[in-house]
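Notes for the structure review
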Amino acid sequence: MGGSVLEYPPVVMRRLIGGLNKIVLPGISLVVLCGLWEVAALILGARYLPGPVPTAARLAELFATDQVFSNLAPTILRVLGGFAVAEVLGVIVGVIMGLSRSWEKFLELGVMVGLTIPSLCYIILCFLWFGLNELAAIVAIGLTTFPIIAINVWSGVKSIDSQLNDMAWTFGISRRERIFKVIAPQITPYIVAAARYGFGVAWKVTIFVELMGLTNGVGFQLNYSFQIFDMTSVFAWTLLFTIVMLVLELAVFKPTEQWLFRWRPEVRA
Amino acid sequence: MASIAVDDVSKHFISRAHADRLPVLQNISFTGGNGQFICLLGRSGCGKSTLLSLISGLDEEFNGKINFDGVTVAERQNAGVRLGFVFQSPRLLPWKTVRDNLLFVLRRSGLQDWRERADLWLERVGLKDFAKAYPHELSGGMQQRVSLARAFAVDPDILLMDEPFSGLDEFTGRAMRTELLDLWQQTGKTVLFVTHNCFEACFLANRVIVLGGQPGRIVWDAPIDLDHPRDYEDPDLFRLSVKLTHVVMESAA
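Our subject in this report is the structure included herewith. On a predicted model such as this, the values are computed, not experimentally measured, just so you know. (Residues numbered from 1 in each chain as written. Chains lettered and ligands numbered in written order. Predicted model: local features only at pLDDT ≥ 70, side-chain atom pairs only at ≥ 80, totals over all residues. Heavy atoms only, no water.)

A word on the overall build of chain A
Quick note on the threshold: Only DSSP runs of H or I covering at least 4 residues are called helices, and only runs of E covering at least 2 are called strands; the numbering of each starts at the N terminus. Contact definition: two residues touch when any of their heavy atoms are within 4.5 Å. This count recognises Lys and Arg as positive and Asp and Glu as negative, with His and chain-terminal groups excluded. Every charge is mapped onto a representative atom, which is NZ of Lys, CZ of Arg, CG of Asp or CD of Glu.
Counting its secondary structure elements, chain A contains 11 helices and zero strands. Secondary structure of chain A in N-to-C order comes out as α-α-α-α-α-α-α-α-α-α-α. Considering only residue pairs separated by 6 or more positions, chain A has 73% of its internal contacts joining residues 24 or more positions apart. The centroid of the 19 positive side-chain charges in chain A is displaced by 7 Å from the centroid of its 16 negative side-chain charges.

See the structure below:
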């Protein structure tokens, strides 16, 4: 009897352990990370590496002086704008390339070239073409991110096998319905994965764009802090950025993915 | 109820290994219908699955004629000839529940009572309680049972099956074969069943067509005159299966 309790923990217990794993483990990981940061700061000195406490204090100051909102809001809008352009273009091009051989041959080189060109080139070109403004920023972010999304969607669409489509065909399902009800659901996971990846890229490029030619935004503030060698502010802005990314990941991407793929078996190692 | 006529069908694949083309089927002719249960038997590579995909219309490049009561295979979708197909793997849409998988094909079947048919057939294959389950929550045998229900539910003119039980363990396979025979007798459907398993062919069919050789030809075509319900332990069944095994082995060259 005693052994069976250990072998088969009751459902409540298992849920509890599962819940602990979800909260406690990331919590411990966070504490360890901050600990390492603190230790490194102590060794190197605040001049080179401000610790978590002064960084958090500076971040609080930035919040208090309204600098966070006036810089984070434009940054987020630029990220979303550029990302939206890239996602729409990337999904269209990726799906077309994945479904049609001729289009694949035709577009492959273009996408590859687009991927090879450094983001700095897009940024400079866009500033030269459109001026130092939001349009240039969004086009540059979009152009940099689009090939990455296109390639991910393309390889995903190519990898779906024709078995389900053949099945639907033999049962007399129309082409239109096969595209929307059989092929599209198989492509969705790749679009979501590409979006996640592309979003990360869009963030990084946005910072770069702001640093290069704009007068507000997190990237601009980072550059400004760098110019006056204010290491604590550099850390504070980076921390803010990381927190925003994590919140988006936990509040938007993960729940969306879980909802979209609720039919999938849970993977247990 | 439709019949099927395969008339002098030949098929070749374009292949890089062979200078121009690789013939896989040569001068295949047979007709079937009236609720026959025909097994197409042969070793792997004899072209039996290829023949099934020609009959279903998935592969349209071949010489010869395939008709369903005078409707050519190319016209069959427009003419409303319905086929049921059970594949080697269940081929269920993993994002749809068991019931929705049936409804998905039934909705376009043109049948009046399509909604009721989903529930009716889930009950007939013993999966009524799993209607709301997703395919991954079912065992391989149960998934194939859903696939069977799907094929019967559309009230097909001809039922095509491509080694549907070869992926199952022997005991599940036996149970499913018996179940299939029950359903076949209840519905009187004409079945075309591809297999490489001689015993399975003898157990199920009332007519066996053996494909053999390279390219594949019909080397044997004869009725199986055993009474239903059939018994796995029947010595006549066993003898017949041994005989067919030799036919298939000798057809190899």
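Back to the text.
As for the overall build of chain B
To be explicit about the condition: Whether a residue is buried, partly exposed or exposed follows from its accessible area with a 1.4 Å probe, protein chains only, as a fraction of its type maximum: under 20%, in between, or over 50%, in that order. In these tables, accessible area is a Shrake-Rupley quantity obtained with a 1.4 Å probe, and a residue counts as shielded only by the protein chains included in the view.
From N to C terminus, chain B includes eight helices and 10 strands. C-alpha atoms of chain B, sized along the principal axes, occupy 50 × 45 × 35 Å. By the burial criterion, 55% of the 253 residues in chain B qualify as buried. Working note: accessible area of chain B is about 11,400 Å², and carbon and sulfur atoms make up 47% of it. In chain B, which carries 28 positive and 32 negative side-chain charges, the distance between the mean positions of the two groups comes to 5 Å.

Some points on the sheet that holds strand β6 (residues 83–86) of chain B
Residue and element names in this part refer to chain B. Selection rule: For two strands to pair, DSSP has to find at least two bridges joining them. The axes used here are C-alpha line fits, helices contributing only the stretch in contact, and every angle between their N-to-C directions lies in the interval 0 to 180 degrees.
On the basis of which strands lie adjacent, the open sheet formed by six strands has the order β6-β7-β8-β3-β9-β10 and mixed pairing. For this open sheet the edge positions go to β6 and β10 (217–223), each flanked by a neighbour on one side alone. Ignoring strand direction, the axes of neighbouring strands in this sheet form an average angle of 15°. Two elements, strand β3 (residues 37–41) and strand β9 (residues 207–212), share four bridges in a ladder whose sense is parallel. Its bridge partner lying in β9, Leu41 is registered against Val210. Lying on the sheet, helix α5 (residues 140–153) is in contact with β6 and β7 (158–162); it crosses β6 at an angle near 170°.

A look at the pairing of strand β8 (residues 190–195) of chain B
Residue and element names in this part refer to chain B. The condition that has to hold: A clockwise course of the path from the first strand over the helix to the second, judged with the strands pointing away from the viewer, identifies a crossover as right-handed.
Most of β8 sits inside the fold, with six of its six residues counted as buried. Of the two faces of β8, the one carrying Thr190, Leu192 and Val194 and the one carrying Val191, Phe193 and Thr195 are both buried. The pairing of β3 with β8 spans five bridges and is classified as parallel. Among the inter-strand pairings, Ile38 is bridged to a residue of β8, identified as Leu192. Pairing between β7 and β8: five bridges, direction parallel. Across the sheet, the residue bridging to Met161 is Phe193, located in β8. In this region the chain leaves β7, passes through helix α6 (residues 170–187) and returns to the parallel neighbour β8; the handedness of that crossover is right-handed.

Let's talk about the interface of chain A and chain B
What counts, and what does not: Here the quantity called buried area is the total loss of accessible area, with a 1.4 Å probe, experienced by two parts when brought into contact, counted for both. Salt-bridge detection follows one rule: a side-chain nitrogen of Lys or Arg within 4 Å of a carboxyl oxygen of Asp or Glu. Any N or O atom pair separated by 3.5 Å or less is treated as a polar contact, with the protein-specific requirement of one donor-capable and one acceptor-capable atom, and with residues adjacent in sequence counted only for side-chain atom pairs.
Contacts between the two partners involve 18 residues from chain A, matched on the other side by 23 residues from chain B. Around 2,100 Å² of area is buried between chain A and chain B when both sides are counted, 68% of it from carbon and sulfur atoms. Across the pair A:Glu177 and B:Arg108 runs a salt bridge, and its minimum N-O distance is 2.5 Å. For the pair chain A and chain B, the number of links is five residue pairs in polar contact (both at pLDDT 80 or more). When residues of the side of chain A that touches chain B are traced back to their parent elements, those giving at least two are α8 (163–170) and α9 (175–213) of chain A. Looking at which element gives the most residues to the side of chain A that touches chain B, the answer is α8(A), with seven residues.

Considering the packing of aromatic side chains
This is how the line gets drawn: Each pair of aromatic rings taken from Phe, Tyr and Trp, with Trp reduced to its six-membered ring, is defined by centres within 6.5 Å and is described as stacked if the planes are under 30 degrees apart, edge-to-face if over 60, and tilted in the remaining cases. When the NZ atom of lysine or the CZ atom of arginine is within 6 Å of a ring's centre and also within 35 degrees of its normal, the charge is said to sit over that ring.
Enumeration over the complete set of coordinates arrives at 15 aromatic pairs over all chains. Measuring from centroid to centroid gives 6.0 Å for A:Trp37 and A:Phe235, while their planes differ by 25°, and the two rings are stacked. Note that A:Trp37 is positioned in helix α2 (residues 11–44) and A:Phe235 in helix α11 (residues 231–260), a separation of 198 residues in sequence. Clustering of aromatic rings is evident, with ring pairs tying together A:Phe83, A:Phe199, A:Trp203, A:Phe241 and A:Phe253. Geometry around A:Tyr48 places A:Arg47 over its ring, the cationic atom sitting 5.8 Å from the centre. We note B:Arg91 situated over the ring of B:Phe87; from NZ or CZ to the ring centre the distance is 3.9 Å.

Describing the environment of A:Ala140
Residue and element names in this part refer to chain A. The topology assignment puts Ala140 in helix α7 (residues 134–159). On the basis of relative accessibility, which here comes to 1%, the residue Ala140 falls in the buried class. Considering only alpha carbons, one finds Ala140 and Ile187, 47 residues apart in sequence, at a separation of 27 Å. Discounting chain neighbours no more than four positions away, the residues touching Ala140 are Tyr122, Ile123, Cys126 and Val209.

Quick notes on unusual backbone geometry
Along the chain, B:Gln214 connects to B:Pro215 via a cis peptide bond; the corresponding omega equals 0°. Mapped onto the elements, B:Pro215 comes out in the loop between β9 and β10. In this model, B:His228 is joined to B:Pro229 through a cis peptide bond whose omega is -5°. Tracing the sequence through the fold places B:Pro229 in the loop between β10 and α8 (235–250). Of note, A:Asp66 is a non-glycine position whose phi angle comes to about 65°, a positive value. Its place among the elements puts A:Asp66 in the loop between α3 (52–64) and α4 (67–99). Overall, A:Asp66 belongs to the partly exposed group, its relative accessible area being 47%. Despite not being glycine, B:Asp8 shows a phi value in the positive range, around 50°.

Observations concerning the nonpolar core
Heads up, the condition is: Within this scheme, the nonpolar core is defined by two criteria: the residues are buried Ala, Val, Leu, Ile, Met, Phe, Trp, Tyr or Cys, and they are joined through side-chain atoms within 4.5 Å.
The biggest cluster of nonpolar side chains holds 96 residues, and the ones touching the most others in it are B:Phe37, B:Ile55 and B:Val208. Top contributing element to this core by residue count: α5(B), with seven residues. When near neighbours in sequence (up to four residues on either side) are disregarded, B:Ile55 contacts B:Ile4, B:Val6, B:Phe30, B:Ile66, B:Phe68, B:Val73, B:Leu83, B:Leu160 and B:Leu192. Core analysis: the second largest hydrophobic core is formed by 47 residues, A:Ala86, A:Ile160, A:Ile207 and A:Leu222 among them.

Remarks on the pairing of strand β4 (residues 63–68) of chain B
Residue and element names in this part refer to chain B. When strand β1 (residues 4–14) meets β4, the two strands line up antiparallel, connected through five bridges. Within the sheet, the bridge partner assigned to Ser10 lies in β4 and is Asn63. Where β4 meets strand β5 (residues 71–72), two bridges bridge the pair, whose relative direction is antiparallel. Bridging across to β5, Asn67 finds its partner in Thr72.

Spatial relationships are all this shows, so hold off on functional conclusions.
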